[in-house]
Amino acid sequence: GGLLREMDYETRYERFKLSKSVDGETWRIFAFGYHSDVWQKWCTTWANLSCPVALSVAGEPIIYDLKNSPFALMDDKNFSGSLKIIRQKFVPQTQFDEILWAHQLNIVRGEDSFVRAQYAGAPFFWHIYPQGEQAHWDKLDAFWLQYWRSVSAPNELICAHTKLSYELNGLHTLTDAQRKEYWSILRQQFPNWQQAAQQWRNKLFSQSDAISRLSQWLEQN
């Protein structure tokens, strides 16, 4: 049926990108996810990367999961090794896109945030909503299979992303060494990852949106 997309989306996106200067040294990550023990593990890995990482955390689940860890949020920010954690306040829906545009990597949950992350044209992970009998795992696999088939990306990048996506969504648990290896690969391959994300965005934007399709259907019937 198509996806919802505002007619002025691309104009707003381009205007925002032109108005912002970014720090090329820092890896800017946005996280909006469900409860999981993965957050402490991933923060430990990010804190030991060779590049500085600024993690913006939205919502209470991740905040709670970091509560009894070295990464507990105090005064809205915390430094640990390479990692800086910032608490992202909730914003009106109309401003959510700007948060996604401002970050290089987005970790999103649910469905609406998932669609907006695809439109943002930046690399992302999907923390899918858990369902009975693990039905969500099939949906997760189906989406990423379609995604990676539609873009150009090295197998090394696809493998690292898949392994981490599975850990995020509870399909398996990585060792500390594996987790570090896969995140290091994603960092090294980041330009290729960005290119793939733009290719997927372009594919979506080449399609008509849900409202246009509905209007066409009404006209024909």
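Heads up: the structure comes first, above all this text.
Rules used in this analysis
Position numbers for residues count from 1 along each chain, tracking the sequence in the order it is written. Restriction of local features to residues with pLDDT of at least 70 applies here, the model being predicted, together with a cutoff of 80 or more for giving and counting side-chain atom pairs; totals for whole chains, interfaces and linings are based on all residues. Hydrogens and water molecules were not included; the side-chain quantities draw on all heavy atoms of the structure. Only protein chains enter the calculation, and the probe is 1.4 Å; a residue is then buried if its accessible area is under 20% of its type maximum, exposed if over 50%, and partly exposed in between. For the purposes of this entry, the term helix denotes a DSSP run of H or I that reaches at least four residues, the term strand denotes a run of E that reaches at least two, and both are numbered from the N terminus. Each pair of strands is called paired provided DSSP finds at least two bridges between the two strands. Every crossover in which the path from the first strand over the helix to the second runs clockwise, viewed with the strands pointing away from the viewer, is termed right-handed. When a carboxyl oxygen of Asp or Glu is within 4 Å of a side-chain nitrogen of Lys or Arg, the pair counts as a salt bridge.

### Considering the pairing of strand S2 (residues 53–58)
Line of reasoning, step 1. Across the six residues that make up S2, a large majority, six, are buried.
Line of reasoning, step 2. Going residue by residue along S2, you find Val53, Leu55 and Val57 tucked away on one face and Ala54, Ser56 and Ala58 tucked away on the opposite face as well.
Line of reasoning, step 3. Strand direction decides the pairing type here: strand S1 (residues 27–31) and S2, joined by five bridges, are parallel. Looking across to S2, one finds that isoleucine 29 is bridged to leucine 55.
Line of reasoning, step 4. Tracing the backbone out of S1, into helix H2 (residues 38–47) and back to the parallel element S2 gives a crossover that is right-handed.
Line of reasoning, step 5. Both S2 and strand S4 (residues 83–88) contribute to a ladder of six bridges, which runs parallel. Bridging from a neighbouring strand, alanine 58 pairs with glutamine 88 of S4.

### Quick word on the pattern of salt bridges
Opposite charge on two side chains lets them pair, provided their charged atoms get close.
Line of reasoning, step 1. On inspection of all chains with the given rule, the structure shows nine salt bridges.
Line of reasoning, step 2. The salt bridge partner of aspartate 97 is arginine 116, with a shortest N-O separation of 2.7 Å. One end of the pair, aspartate 97, is in helix H4 (residues 93–102); the other, arginine 116, is in helix H5 (residues 112–120), and 19 residues separate them in sequence.
Line of reasoning, step 3. With relative accessibility at 6%, the residue arginine 116 sits in the buried group.
Line of reasoning, step 4. For arginine 179, the salt bridge goes to glutamate 167, with nearest N and O atoms at 2.8 Å. Of this pair, arginine 179 sits in helix H8 (residues 176–188) while glutamate 167 sits in helix H7 (residues 155–168), and the two are twelve residues apart along the sequence. The same class applies to arginine 179 as to glutamate 167, namely buried.
Line of reasoning, step 5. Residues joined by salt bridges that share partners form a network here, namely Glu6, Asp8, Arg12, Asp97 and Arg116.

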